[in-house]
Amino acid sequence: KLAASAIVGLISLSLAACGSGGESGGKAEQVVFKLAVSQPQEHPQYQAGLELGKRLEEATDDRYSVQVYGNETLGTSAEVIQNLSNGTVDFAWIGGANVESLNQDFVVYNLPFVFDSREAQLAVLNDDELNTELFTSLEDSKSITVLGGANAGQRSIYNAIRPIRTPDDLKGLKIRVQQSDSQVRMLQLLGGIPSPMSFGEVYSALQTGVLDGAENNEPSYNAMKHDEVAKYYSYTRHLMIPDFLLMSTQTLDKMDETDRDALLAIIPDITQKASDDFVPYVNESIERSKALGAQFNDDVDTAAFKARVAPMVEEYMGANDLRAKYYEATQQANQDNPA
Ligand code: GCU
């Protein structure tokens, strides 16, 4: 058996060797990009990754393809960001809060209650002219290009102890937040005890009581089985943080111009697909959580939560002119696309 697998290994090695030059007259070796996503296979971002691979093969005559790795198999968001930077991961869907560690100005899109509607958020994310400065800001220093953003629903607070209606209900509860200063600050102001942690660690922390709860959209609540250990999902709807499709700038630079243009032309369809497919996925996720006994509570004093975080929004968005410009764009989009 060992000998057989050694032979198979040799054959595939020599096949790869033939392919690389493309001189044998056969198909040149295909470059397979790695795309990392923290979510499972059924998630719209995973599926959009598969679509990216398919479209890229078609557009480049099979010279390029994409392999999608779900469930943080390529590492936590922080690790994946590092690997994009050094070029060992090519693409990743990364939650906006994580991108703040690379450039704090991304915070504007991660502020609580900053977008009134999904349409407002998409209007801002799809405004290429507006975003050029922000989306290319990581290329020189980190070798990461932001290809685009997608809607990932709204985030609300859930916990194992009680339904949340007012900020006082959060008193004393340890709630997981994403790993950024803005998220820690937000949860403090909302009334709970913030506990920054990577996505994949939350389930066991909830199970062992290290955490009382967390905050996320309904799909993550269900897909990560948090609904098994934290039954009370309360609709605070405090956040609408985008997920960004990031690419290693090193990878992008290695592509020849035609293939690079072909790739960039596909991206708007891919981010749109991830956003669109998210809507039905939310409803399916709610049904699955309910079947497990989760309680969804919509009787929440949103105005009270909003008032608590208002000073923080002022402070973060007012820190420099660029942020003020992006913030203004969010408010204009809210006017054009009311809730
Ligand atoms: C959301 C988001 C992910 C993120 C996760 C988190 O599910 O889509 O990108 O990693 O939240 O809370 O860490």
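Residues numbered from 1 in each chain as written. Predicted model: local features only at pLDDT ≥ 70, side-chain atom pairs only at ≥ 80, totals over all residues. Heavy atoms only, no water.

A. Quick peek at the site of the ligand. Inspection of the region around the ligand gives Ser 38, Gln 39, Gly 95, Arg 155, Arg 176, Gln 178, Phe 199, Asn 216, Asn 217, Ser 220 and Asp 243 as its neighbouring residues. Here Gln 39 contributes a side-chain N or O atom positioned 3.0 Å from an oxygen atom of the ligand. The contact in question runs from an oxygen atom of the ligand to an N or O atom on the side chain of Ser 220, over 2.6 Å. Within the complex, 97% of the 310 Å² of free accessible area of the ligand lies under protein. Within the shell around the ligand, the residues separate by chemical class into one nonpolar, seven polar and three charged. Three or more residues apiece are contributed to the shell around the ligand by two domains, here domain 1 (28–152 + 242–280) and domain 2 (155–241 + 283–336). (Near = heavy atom within 4 Å. Polar contact = N/O pair within 3.5 Å; in protein donor to acceptor, adjacent residues only side chain to side chain. Areas by Shrake-Rupley, 256 points an atom, 1.4 Å probe, with all protein chains shown as cover. Nonpolar A, V, L, I, M, F, W, Y, C, P; charged D, E, K, R; others polar. Domains from an automatic or database assignment.)

B. Focus on the packing of aromatic side chains. Applying the stated criterion across every chain yields a total of 14 aromatic pairs. Ring geometry for Phe 33 and Tyr 64: centres 5.2 Å apart, planes at 20°, overall stacked. On the criterion of sequence distance, the pair formed by Phe 33 in strand S1 (residues 31–36) and Tyr 64 in strand S2 (residues 64–69) is long-range, its members being 31 residues apart. Since its relative accessible area comes to 4%, Phe 33 is described here as buried. Here a set of aromatic residues connected by ring pairs shows up, and it is made of Tyr 158, Tyr 221, Tyr 233, Tyr 235 and Phe 296. Directly above the ring of Tyr 326 sits Lys 325, whose terminal nitrogen or CZ lies 5.4 Å from the centroid. (Phe/Tyr/Trp six-rings, centres within 6.5 Å; stacked < 30°, edge-to-face > 60°. Helix = DSSP H or I, 4+ residues; strand = E, 2+ residues; numbered from the N terminus. Buried < 20%, exposed > 50% of the residue type's maximum accessible area, 1.4 Å probe, protein only. Lys NZ or Arg CZ within 6 Å of the ring centre and 35° of its normal.)

C. Quick look at the sheet that holds strand S11 (residues 295–297). With mixed pairing, the six strands of this open sheet are ordered in space as S7-S6-S8-S5-S9-S11. Pairing within the sheet leaves two strands with one partner each, and these edge strands are strand S7 (193–196) and S11. Shown here is a sheet whose adjacent strand axes are inclined to one another by a mean of 35°, direction ignored. Where strand S9 (residues 232–239) meets S11, three bridges bridge the pair, whose relative direction is parallel. Bridge pairing in S11 links Tyr 232 to Gln 295. (Pairing = 2+ DSSP bridges. Axes fitted to C-alpha atoms, helices over the stretch in contact; angles between N-to-C directions.)

This is a description of form; function is not addressed.
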